[in-house]
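Structure assessment
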Amino acid sequence: MFGLPAATVAIIFGIPAIWVIYTLVFVYLSRGWKAEDVAEDKLTAGGSGPTTSAPGHRSEPENGGMA
Amino acid sequence: MNLETWFLVIYFIAMVGIGVWTLKIGNKDSEGYLLGGRSLGPAVTALRLQSSSMSGYMFLGAGSLAYTKGYFSLWYAMGDIGGGVLNLSILGRRMRKLSQILGSLTSIEYLEHRYPSPWIRAIAAPVAVFCIFFYVMSQFIAGGRGLEMVTGIPYAWALLIAVGVIVFYTFLGGYLAVAYTDFVQAIIMLIGMVWILIGTMQAVGGWTAGNNAVGEINPNLLTMWGPDGFGSVQWGVIIGAVLVFSIGYMGWPHVNVSHMAMKRPSVARTASMYATGFNLLFIPAPYIVGIMALILLPNLDNPELAVFQVADTVLPNFAVGIVMAGIMAAIMSTADALLLQSGTIASQDLFQRFIKKDMSDSQSVWVSRFTVLILAIIGYIVAVNDPPAVAEVVIFSTTVLGAAFVPVYVAAAWWKKANVPGAISSMVLGTVSSVVWQLTGLVDVTGVDPMGIGIVCSTLALILVSLATQKSHPVPAHVVAALKETDKIGAIPAHMLTGQNDALAAQVPKDA
Amino acid sequence: MREQPGPGADRREEPSDQTTGAAQPAGVTEPALRLTPHITDAEALAVFARKLPGAQAEVRQVIHPFWRTVLSARTRGIFGRSRKKSLSSGAAGAGAGSGPGVGQRMNVLVNAYSGKGFIADFEPIGTPVDAAVWDAALEASDQAGPRPSLFEVSRTARSLVPTKVLKTVKLGMGITLDEAAPPRGILKPNWIVTGANEKFAATILVDGLDSSHYIVRVEKLEQD
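Position numbers for residues start from 1 in each chain and track the written sequence from start to end. Chains carry letters and ligands carry numbers; both start at the beginning, A for chains and 1 for ligands, and go up in the order they are written. Local features in this predicted model are restricted to residues whose pLDDT is 70 or higher, and side-chain atom pairs enter the listing and the counts only when it is 80 or higher, whereas totals over whole chains, interfaces and linings include all residues.

1. Some details on the overall build of chain B
Helix and strand definitions follow DSSP, with helices as H or I runs of at least four residues and strands as E runs of at least two, each counted in order from the N terminus. When its secondary structure is counted, chain B shows 23 helices and zero strands. Expressed as a percentage of the 512 residues in chain B, the buried residues total 63%. With C-beta atoms placed from the backbone, a residue is labelled by how many other C-beta atoms lie within 10 Å of its own: buried for 20 or more, exposed for 12 or fewer, partly exposed between the two.

So this is what it looks like as C-alpha cells:
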C-alpha cells in the first residue's frame, strides 16, 4: 500500500490511531474538568476579594508536539 | 538581496509593527485576555500553541533524520504525536491542584515543596539550565542555517544575526508577545508546511510513486528498521525514539509550569483534542518531505537543509520568503521562552535561593539578563565552530530532561511514598546514566538508547530508594495532607466542584 | 510543635547571612487586623444551598492568619524612560487607574501557613485585635505547613507583584519595588458551613471576602 512495506504502513497508521483512541478516552474520562474552571468572574479579577496570583512566567500550555 | 530575503525583512517589520501598534493602543491586558481563552476557544488556543511547538527541530532536525534514515525516522514522530495529550492527562490536573495547595510559583519550586530539601533545587536547577542551554543552542543553529540558506550570508554571520535577534527579542520581546503574532505565525507555518508537503507530493508524482522511487535508492529506507535493514535493528533505540518525545516531554520545566497556570482546565482538555488532530497532520509532514527530498535533491551535502531546499524548489519565491520568516519567528519564540526560563531559574532557583537570599528585584532581573547573555555567547561559540546536528542536540537535551525529571514529577502527584532521598537519587541517576550512555557511545554497543536507560535508572532509583528510606526520611505530614487533598478531586460530585477555589485548601482549620 | 522540618526549617538551619526578618516563623508582636468579612453568614449559607439544595446547615466564622505587606511598584523601560504602566485589572480595580509613574500601591496577603501570596484589590478594613488572637489562629490551622518566616513573606510578595506588573514585558523592563510597610499580621475571615440534605452531607469552607468555596469533605448518604 502506498508503495510501502506492510509493516511500515501498520506502524505509521497504527500508532497514531492508538494516540487518537487515547485522546478520546482521556477526553471522555476528563469530562468533569469543566467543574474545575475558575469561575468566569474570577478571570476578570475585578471582584471584591483577593486575586489569585499567576506564576511569574510566560506560560504557554504546550499541548502540541514539542520539538 | 534576493526576493526571499526581502519577504523575510518585510515580515519582520510587519511583526514588529503589529507589536508596537498594539502596545501603543494600550492593549495592556491583551496577553492575559487572550490566554484566558474566553473569546478564542480551544481550536484557536491549540493553533497558537502550535507556533511555539514548531521550532528548529521540526524544520531542520526532522528533515535531516528523514533524509538519512528514511522511514525509520518516523519513530520519533510516533512518540511526538502523543506527547501533548500524555503530558496533560498524567500531570495536568493533579500538578495544578498540588501546586496550588503547596503555593509553588515555579515548577522547580514545586519540586522542592513536594520533596522538601534544598538539595532538590540544587540539583534540579543546574540540570534544567544545562538542558535548556543545549536546546536553545539547537535553535541558534537552526536559525543560522536557515538564514544562511535564504540570504546567502556565510554561516558565521548568519548565526550571529540569528543569535542577536533572539537575544534582542528576549529582552524586548514582551512588546511583541501579543497573541496576534503567535496566531499569525501559526497560520503561516501551518500553511507553509502543508504547501511544502503538497508541492513535494506533486513534484514526486504522488506518495506511492515517491515511495517507489525511494525504494529504488535503497529499499530499506521504506522500512522502519533503518537503512541497514532489519538485521541491524536495535530495539532499544527504537523504544528510546518513541519515548523521547512522548514521555520525555513531561520533563520540560517550562512545559510543566503551564499546568500550574491552567486557569481553565476544560479549555486545556479540549485544546488537547485539537492539538492531537493537528499533530497527526503536521508532525509527520517534515519527515515525509525529508524522505522525498532523497529523490528531489539526491546530493545534499547538508541533510539538515532538506526541508528548506525542498521548499525552495517547490514553492514560488514569495512563498519561500514568508514561510522562512514564519519559521524564523517560530525559532525565535521557542528560543526566547527557553532563555527566559533559564534566566529565571538561574536567578530565583539558584542565585536567590543559595547565594544571596535578600537579593533585590532589580538584581534579580540583572541576574536573568546576565544569564541570558552568557548562554547566548557560549551558545554562539559552540555553534559557530563545529555545530552539532540540530536533531542530535534536541534529542539529547530532551532525553536528559526526561530521564532526570519525569519520574519525580509523575510521582510527585501520584505516589505518596516518594520522598526526598528517592527524588534526589532519581534525578542524579537519571542525569548521569543518560549523559554517560550518550557520551561514551554505549548506544551502539548495547543497542539501548540513552532515554531508555535513563528512564529505567531514574524510575528504579525513585522507587527503591523511597521504599528503603521510608522510615528514616518519611514524607512530611503537610505534604501527605496536600496529596490527600489532591486525591479527593475524583470523589466529589462535579456540580459541587464547580468553581471551587483550590487556594482555600490551605485555609481549612483543624476543627472543620 | 512540628516533628517534621519543612522547607522553612531547612532554610533556617543553613548558614545564612540573613539579618532581616525573624529566624523563626514569627508570631506577631503588634495588634493584628481582623478583617471585616465582605460576605455575610446568610450569603455563606446561600452558597452552601446552591451546592446542596434543600439542605439544613449551620454556619460559623473562622479566621485564618495571613501576613499583609504593602508594596509600591514602579517600572522603567530599559532605556531609562519611565513608563506610565497601567497594571492589569486586578490591582487597578482598587481604583488607582493608570500608574502615574510614582508607584502603584498594592496590598499583598500571604497565607501564614502555606506561604502562598495573593494580591488584594481592596484596602483591608477591620478591627485591631491582640497579637495572641493571631497566634491562636496559627495554631488552629489544619496542616503543619511550611510557615514562612517574615523574610520569606516579603520575598513572596516581591516576586508576586512583578508578575502582575510585568505581564507582557520580559527582561527589557526594570521594576522597582518599595515596601511601604513591613509584614503585619492580618486575619482573614472565612465561613465553615456544615449541613446535609437527603443525598449528601458536606462541610464547605466559604471565603469570607469573595464567596468562593472549597469542599472540605462530602459524604454520600443515599444508598443505591
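2. Some points on the overall build of chain A
Tallying secondary structure elements over chain A gives two helices and one strand in all. Tracing chain A from N to C terminus, the helices and strands come up as α-α-β. Expressed as a percentage of the 67 residues in chain A, the buried residues total 43%.

3. Considering unusual backbone geometry
Most peptide bonds adopt trans geometry, and most residues besides glycine take a negative phi value. The backbone phi angle of C:Ser211 is positive, close to 60 degrees, even though this residue is not glycine. Examined against the element boundaries, C:Ser211 turns out to sit in the loop between β7 (200-207) and β8 (213-220).

4. Considerations on helix α5 (residues 74-102) of chain B
Residues and elements named next belong to chain B. Under the convention used throughout, the expected extent of a helix is 1.5 Å for every residue step, that is, one less than its residue count. Taking 1.5 Å of rise per residue, 29 residues should cover 42 Å, and α5 covers 40 Å from first to last C-alpha, within 8% of that figure. The term bend refers to the angle at a residue between two fitted axes, each drawn through seven residues, those ending there and those starting there. Gly83 marks where α5 bends most, by close to 45 degrees. Burial within α5 is extensive, with 26 of its 29 residues counted as buried. Remark: Gly103 follows α5 within two positions and exhibits a positive phi of approximately 75 degrees.

5. Observations regarding the pairing of strand β3 (residues 104-111) of chain C
Residues and elements named next belong to chain C. β3 sits mainly inside the fold: seven of its eight residues count as buried. Any two strands with at least two DSSP bridges between them are considered paired. Here β3 pairs with strand β4 (residues 117-120) via four bridges, running antiparallel. Paired with Val108 across the strands is Ile119, a residue of β4. The loop that links β3 with its antiparallel partner β4 comprises five residues; one of these, Gly115, has a positive phi angle of about 80 degrees.

6. As for the packing of helix α4 (residues 56-69) of chain B against helix α15 (residues 306-314) of chain B
Residues and elements named next belong to chain B. Fitted lines through C-alpha atoms give the axes, limited to the stretch in contact for helices. The angle between two N-to-C directions lies from 0 to 180 degrees. Viewed as axis vectors pointing N to C, α4 and α15 meet at an angle of 95 degrees, and their least axial separation amounts to 7 Å. Judged by the angle between their axes, α4 and α15 are roughly perpendicular. Here Phe59, Gly63, Ser64 and Tyr67 of α4 come into contact with α15, specifically with Ala306, Val307 and Phe308. Classification convention: Asp, Glu, Lys, Arg as charged; Ala, Val, Leu, Ile, Met, Phe, Trp, Tyr, Cys, Pro as nonpolar; all other residues, Gly among them, as polar. Broken down by class, the residue content of the contact of α4 with α15 amounts to five nonpolar, two polar and no charged. Relative orientations are named as follows: roughly parallel for angles under 35 degrees, roughly antiparallel for angles over 145 degrees, roughly perpendicular for angles from 65 to 115 degrees, and oblique for any other angle. Our contact criterion uses C-beta atoms placed from the backbone: two residues qualify when those atoms are within 7 Å.

7. Digging into the environment of B:Thr208
On the secondary structure map, B:Thr208 appears in helix α10 (residues 207-217). You can call B:Thr208 partly exposed: it has 13 C-beta atoms within 10 Å. With near-sequence residues (within four places) excluded, B:Thr208 lies in contact with A:Phe2 and A:Gly3.

8. With respect to the pairing of β8(C)
All names here are of chain C. Sheet topology note: the β7/β8 ladder contains seven bridges and is antiparallel. Considered in β8, the bridge of Ile204 is made with Ile215. Linking β7 to β8, which pair antiparallel, is a turn of five residues; within it Ser211 sits at a positive phi near 60 degrees.

9. A few points about the environment of C:Glu30
All names here are of chain C. With respect to the element layout, Glu30 can be found in the loop between α1 (7-13) and β1 (32-35). Sequence separation of Glu30 and Ala131 is 101 residues, and the distance between their C-alpha atoms is 5.7 Å. Discounting residues that sit within four places of it in the chain, Glu30 has contacts with Ala131 and Arg184.

10. Quick notes on the confidence of the model for chain B
Residues and elements named next belong to chain B. Residue-level confidence of the predictor is what pLDDT reports, using numbers from 0 through 100. For chain B, per-residue confidence averages 80 on the pLDDT scale, and residues scoring 70 or more make up 85% of the total. Note on residues 26-40: pLDDT is under 50 here. Beyond four places in sequence and across chains, it has 25 contacts. In this model residues 174-179 is a low-confidence stretch, pLDDT under 50, and it forms 25 contacts with partners more than four residues away in sequence or in other chains. This complex was scored by the predictor with a pTM of 0.72 and an ipTM of 0.78.

11. A short note on the environment of C:Asp130
Mapped onto the elements of the fold, C:Asp130 is located in the loop between β5 (126-129) and α4 (131-140). Between the alpha carbons of C:Asp130 and C:Arg217 there is a distance of 32 Å; along the sequence they are 87 residues apart.

12. Some points on the packing of α5(B) against helix α22 (residues 477-488) of chain B
Residue and element names in this part refer to chain B. Running from amino to carboxyl end, α5 crosses α22 at an angle of 140 degrees, the nearest separation of the two axes being 9 Å. With respect to α22, the element α5 is oriented oblique. Remark: the crossing between α5 and α22 carries right-handed chirality. Here Arg94, Lys97, Leu98, Ile101 and Leu102 of α5 lie close against α22, whose contacting residues are Ala482, Glu485 and Thr486. Across the contact of α5 with α22, the residue classes break down as four nonpolar, one polar and three charged. Less than a right angle of anticlockwise turn of the near helix away from the far helix marks a crossing as left-handed, whereas a clockwise turn marks it as right-handed.

13. Considerations on helix α14 (residues 284-296) of chain B
Residue and element names in this part refer to chain B. Taking 1.5 Å of rise per residue, the 13 residues of α14 would be expected to cover 18 Å, and the 18 Å separating its terminal C-alpha atoms lies within 8% of that figure. Most of α14 sits out of view: 11 of its 13 residues are buried. Within α14 the residues assigned to the buried category are Pro284, Ala285, Pro286, Tyr287, Ile288, Val289, Gly290, Ile291, Met292, Ala293 and Leu294.

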